[in-house]
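In case you want the letters, here they are:
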Amino acid sequence: MTSLQTMPADPDTIETLDPLATADRLIELTRAGTTVPDDNPYLAALALAISANLPVLLWGQPGIGKSSVIERLARDLQLPLETVIASVHEPSDFAGLPIVGPDPAREGIPMAPPDWAVRLHRSGRGVLFLDELSSAPPAVQAALLRVVLERRVGSLTLPPAIRIIAAANPAETAADGWQLAAPLANRFIHLPWLHDPGIVVRGLAGCWPHVLPPRLMPTGLDAAVRKARSLVCGFLTARPDYTHRLPTGIEARGGAWPSPRTWEMALRLMAFAFAAEAGSEALSIVVRGVIGDGAGLELMAFLERADLPDPEELLRSPGSFPAPDRGDLVHAMLTSMVDAVRRRTTRARWDSGWAVLARMAVSHPIDLLVSPAMDLAALRQPDWPLPTDLDRLEPVLALLAVAK
Amino acid sequence: MTEPGALDLVKLLAARYRAARARPYLAGALFAMTVVSSPTVLTMGVDRYWRCYASPAFVDATDIDELAGVWLHEVAHLLRDHHTRARRLFEQSRADAAAGRPSQLDPQHPEREQLRLNLAMDCEINDDVCAGLDAASGVRLPPWAVTASGLGLSTKEPLFEQYLHHLTAAFACGRLAWLDCGSGAHDGQPAWELDGTGANPLSPAQAAAIRYRVAEQIRRGIGNAPRGWQRWAEDISQPVQDWRRLLQATLRHSLAQVSGAVDYAYRRPGRRAAALSGTVIMPSLLKPLPTIAIVIDTSGSVADSELGIALGETAGILKAVGAKGNRISVYSCDAAVHTVQEVCDTAQINLAGGGGTDLRQGIRRAQEHTPRPDIIVVITDGHTPWPSERPAGRVIVGLLGPPPALDEFGVWHPLRPPQWAETVHLR
């Protein structure tokens, strides 16, 4: 202390010169920062899954920031966070501790829940974060099944508002890792968690991205559910083999795969995505996270086509349909419209077909129109006059002249 | 027809129409691209958001047949997901370089490496662009297009990752140094490209859906795709997984099952129970050590290099999961068992043999060993008879070489490993 006393400084600084207090303040300063909303699709996918109240599992390398994302999320949503490191717990910590009472034969043995479950139960809301899930031994994973699916910890039922999030390291990065058991894997939305250098740089500069729960349109809820139902049912009618498909590989079984349970989860997620008008990227990530890559990709391709305007609707009101932006979708829409005209060819339908084409010629690349226009022209009856919109289609003829 | 300096859009779109007519299964992907006129792009290029940049001067100067060929070329970069594969390769190379291993790309010279990548990618694509098309289709490649055969490379393994091994930096000189197909190919950042907003950018999910559709059309046989595209369509539906990961997962799973490893059991009460005044019965941890036998096919049909890789990988995994040296024995076996060793280190393993194959001998010998192995790992090319009965313990078969295929008489070549074994294809 002598050296401190001989230091020529004003009394204020000397008073606060407890070295650890200053160090703590410095640490506090390096961690201070703000959060901003971000349009990262993975964060949007996480937000979607959390608002749909389905258990999420983040897969990522150790140290990538999975836990800190969850901590920020809980802070942003002002929810109490209970972190449970699954790998250091015993099965009885999740199934409940058997406590032998005075008369076990008559009263049975109650399964006492651990303190974190009691705290969550008392507050009624919050986030349960199960960290290091893949390092948990199989018996612990089996005990976790009930927590994740039925929300039961011992004899206590967690309130329905509790969100369950888990994190796991892929088996190849954790020396003591276990494969996730297939029944447990099938209850989660699997989100791959990668580090985006840009986000890390902005975060270290003091600005981390912020997970905003999706804003659901209260007026569109019924329509969203109807659309999700018709999509999932339409897809599974066309591809019944995807209803349940347990992967053959051991590794793939610990991931996302289609089963009636995951289809139910996918249905709920799609309804949320439609009601929140979430981007296709976020929807694709969550859908692939529940039913797996193969089924997920096919479902997204199916969704893209199902979103196109109905050809009969096009022919009824050729002037006022919402046209897709993408050329391939416009081409698909026009092709199905020409097919509809071919199925039932009348002059009125043929004319409105030309009206649709003329409208597209103004707003889209003209090479998309060539083959639909040629097919439509071939349907002309000898006594029908030329369509009135032909002048707007002149560029198409010019293109055809160059291409020939 | 158009004023100087402006893009001749009619010609460019007419070329796209020709390309789509010649390759109907690629039409969806071609039409999904957005055209952006750019005076700074050298010829034509694509970015990772599926936008196609075209130079007005290039479009004017190039024949429409060749423009159609260039369209097919650019869409192939996007469909084959070259930018994602390039990024993966760069990341791998950076990790390798940091660990002091030889890396496929030199992370110190990203721009030169992008050019090399672009050359290798063009080799992968260009052989398919005009395969099976005649002059009447109105599509051909420009004479200056880079092809594998033009550079004197073997086309046996037609993926850019393989071509890259043979393309030294010296190839990227002369007029080839001007080649740049944009970030949709090499994942760099050329000066002319827009950012991720405006001009209809496609998201990775949308691109994946387009790829899926194109592959489905090729599989359904629309428009008789050339071999290269057919192989692409097959591969995309069954993504190739890293066999190291698969082998590791299978081994870990087996180890977990046989040893019960660090799982909970009530065989001995847990000591934590003492803290609860004896009213609670708690389980304790158990970790019996598994015994493992590795049976290696050293017959003449298996290449030593392949064997070395597979063996090294297996031993590495076993070590990582804590199987102790004297618990692993290695049997090298062709028609008879030649050496039996207990190993602590892969460097100790002697391989002997080189004749015909009968791994049943090796598996039988492994079974007779005391203590009896919990797991038998068999590494072979599959040209061997298999035991008719299931051995005790779990069997993992690491299969080298091509996967079994049916011949015209309905016989599998090589014989498929039996159902009771977990089979991992090591390739």
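Read on for an overview of the structure. All figures in this text were calculated on a predicted structure; none of them were measured in a lab.

## Re the overall build of chain B
Each helix and strand counted, chain B has 13 helices and 13 strands in total. Taking contacts inside chain B between residues at least 6 apart in sequence as the whole, the part at least 24 apart equals 66%. Of the roughly 19,800 Å² of accessible surface on chain B, 52% is carried by carbon and sulfur atoms.

## Regarding the packing of helix α5 (residues 82-98) of chain B against helix α6 (residues 110-129) of chain B
Residues and elements named next belong to chain B. Closest axis-to-axis distance for the α5/α6 pair is 11 Å, and the angle between their directions is 135°. Classified by the angle their axes make, α5 and α6 are oblique. Between α5 and α6 the crossing geometry is right-handed. Side by side, α5 and α6 meet where His82, Arg85, Ala86, Leu89 and Phe90 of the first sit next to Pro110, Glu113, Gln114, Leu117, Met121, Glu124 and Ile125 of the second. By residue class, the composition of the contact of α5 with α6 is 7 nonpolar, 2 polar and 3 charged.

## As for the pattern of salt bridges
Residues and elements named next belong to chain B. Per the stated rule, a full pass over the model turns up 29 salt bridges over all chains. The shortest N-O distance in the salt bridge between Arg18 and Asp65 comes to 2.3 Å. Residue Arg18 is located in helix α1 (residues 9-22), and its partner Asp65 is located in helix α4 (residues 64-79); the two are separated by 47 residues in the primary sequence. Since its relative accessible area comes to 7%, Arg18 is described here as buried. Residue Arg85 pairs with Glu124 through a salt bridge whose shortest N-O separation is 3.0 Å. Placement of the pair is Arg85 in helix α5 and Glu124 in helix α6, with a sequence separation of 39 residues. For the pair formed by Arg85 and Glu124, the shared burial category is buried.

## Concerning the pairing of strand β7 (residues 328-333) of chain B
Across the 6 residues of β7(B), 6 count as buried, placing the element largely inside the fold. Here β7(B) shows no split at all, with B:Ile328, B:Val330 and B:Ser332 on one side and B:Ser329, B:Tyr331 and B:Cys333 on the other all buried.

## Digging into helix α12 (residues 221-238) of chain A
Residue and element names in this part refer to chain A. Look at α12: 26 Å from first C-alpha to last across 18 residues, which is about the 26 Å you get at 1.5 Å a residue. Ala224, Ala228, Leu231, Val232, Phe235 and Leu236 are the residues of α12 that are buried. Looking straight down α12, one finds its buried side chains confined to an arc of 115°; they lie on one side. Projecting away from the buried face of α12 at angles above 90 degrees are the exposed residues Asp222, Arg226, Thr237 and Ala238. Contacts made by the buried residues of α12 are with α14 (260-276) and α16 (293-306).

## Digging into the sheet that holds strand β9 (residues 163-168) of chain A
All names here are of chain A. Strand order in the open sheet formed by 5 strands is β3-β6-β9-β2-β10, and the pairing between neighbours is parallel. For this open sheet the edge positions go to β3 (81-85) and β10 (189-192), each flanked by a neighbour on one side alone. The average undirected angle you get between the axes of adjacent strands in this sheet is 20°. As paired elements, strand β2 (residues 56-59) and β9 share 4 bridges and run parallel to each other. Opposite Leu58, over in β9, you have Ala167 as the bridge partner. Packing of helix α8 (residues 115-123) onto the sheet brings it into contact with β3 and β6 (127-131), and relative to β3 it is tilted by some 160°.

## Quick notes on the sheet that holds strand β2 (residues 44-46) of chain B
Residue and element names in this part refer to chain B. One open sheet accounts for 3 strands, arranged β1-β3-β2; its pairing is mixed. Two strands in the sheet have a free side with no partner beyond their single neighbour: β1 (34-37) and β2. Going across the sheet, the axis of each strand differs from the next one's by a mean of 25°, ignoring polarity. Bridge count for β1 against strand β3 (residues 51-54) is 4 bridges, and the pairing is parallel. By the bridge assignment for β3, Val35 is matched with Cys52.

## Some thoughts on the nonpolar core
Of all hydrophobic cores here, the largest spans 82 residues; its most connected members are A:Leu334, B:Leu26, B:Met44, B:Trp50, B:Trp71, B:Leu79 and B:Trp229. With 10 residues, the single largest contributor to this core is α4(B). In this structure, A:Trp263, A:Ala271, A:Val290 and A:Ala295 belong to the second largest nonpolar core, which totals 50 residues.

## Brief notes about the packing of aromatic side chains
All names here are of chain A. Evaluated as defined, the whole model comprises 7 aromatic pairs over all chains. Arranged with centres 6.0 Å apart and planes meeting at 55°, the rings of Phe94 and Trp116 form a pair that is tilted. With Phe94 in helix α6 (residues 91-95) and Trp116 in helix α8, this pair connects stretches of sequence that are 22 residues apart. Just as Phe94 is buried, Trp116 falls in that class too. Ring-pair connections join several aromatic residues into one group, and the members of that group are Phe235, Tyr242, Trp263 and Phe302. Here the guanidinium or amino end of Lys227 rests over the ring plane of Phe274, the centre of that ring lying 4.2 Å away.

## Points about the side chain of B:Ser203
Of note, B:Ser203 is situated in the loop between α8 (183-186) and α9 (204-219). B:Ser203 has contacts with A:Ser280 and A:Glu281, leaving out every residue within four places of it along the chain.

Rules of the game
- Residues numbered from 1 in each chain as written.
- Chains lettered and ligands numbered in written order.
- Predicted model: local features only at pLDDT ≥ 70, side-chain atom pairs only at ≥ 80, totals over all residues.
- Heavy atoms only, no water.
- Helix = DSSP H or I, 4+ residues; strand = E, 2+ residues; numbered from the N terminus.
- Contact = heavy atoms within 4.5 Å.
- Areas by Shrake-Rupley, 256 points an atom, 1.4 Å probe, with all protein chains shown as cover.
- Axes fitted to C-alpha atoms, helices over the stretch in contact; angles between N-to-C directions.
- Parallel < 35°, antiparallel > 145°, perpendicular 65-115°, else oblique.
- Left-handed = near helix turned anticlockwise from the far one by under 90°.
- Nonpolar A, V, L, I, M, F, W, Y, C, P; charged D, E, K, R; others polar.
- Salt bridge = Lys/Arg side-chain N within 4 Å of Asp/Glu carboxyl O.
- Buried < 20%, exposed > 50% of the residue type's maximum accessible area, 1.4 Å probe, protein only.
- Expected span 1.5 Å × (residues − 1).
- Arc of directions from axis to C-beta.
- Pairing = 2+ DSSP bridges.
- Core = buried A, V, L, I, M, F, W, Y, C linked by side-chain atoms within 4.5 Å.
- Phe/Tyr/Trp six-rings, centres within 6.5 Å; stacked < 30°, edge-to-face > 60°.
- Lys NZ or Arg CZ within 6 Å of the ring centre and 35° of its normal.

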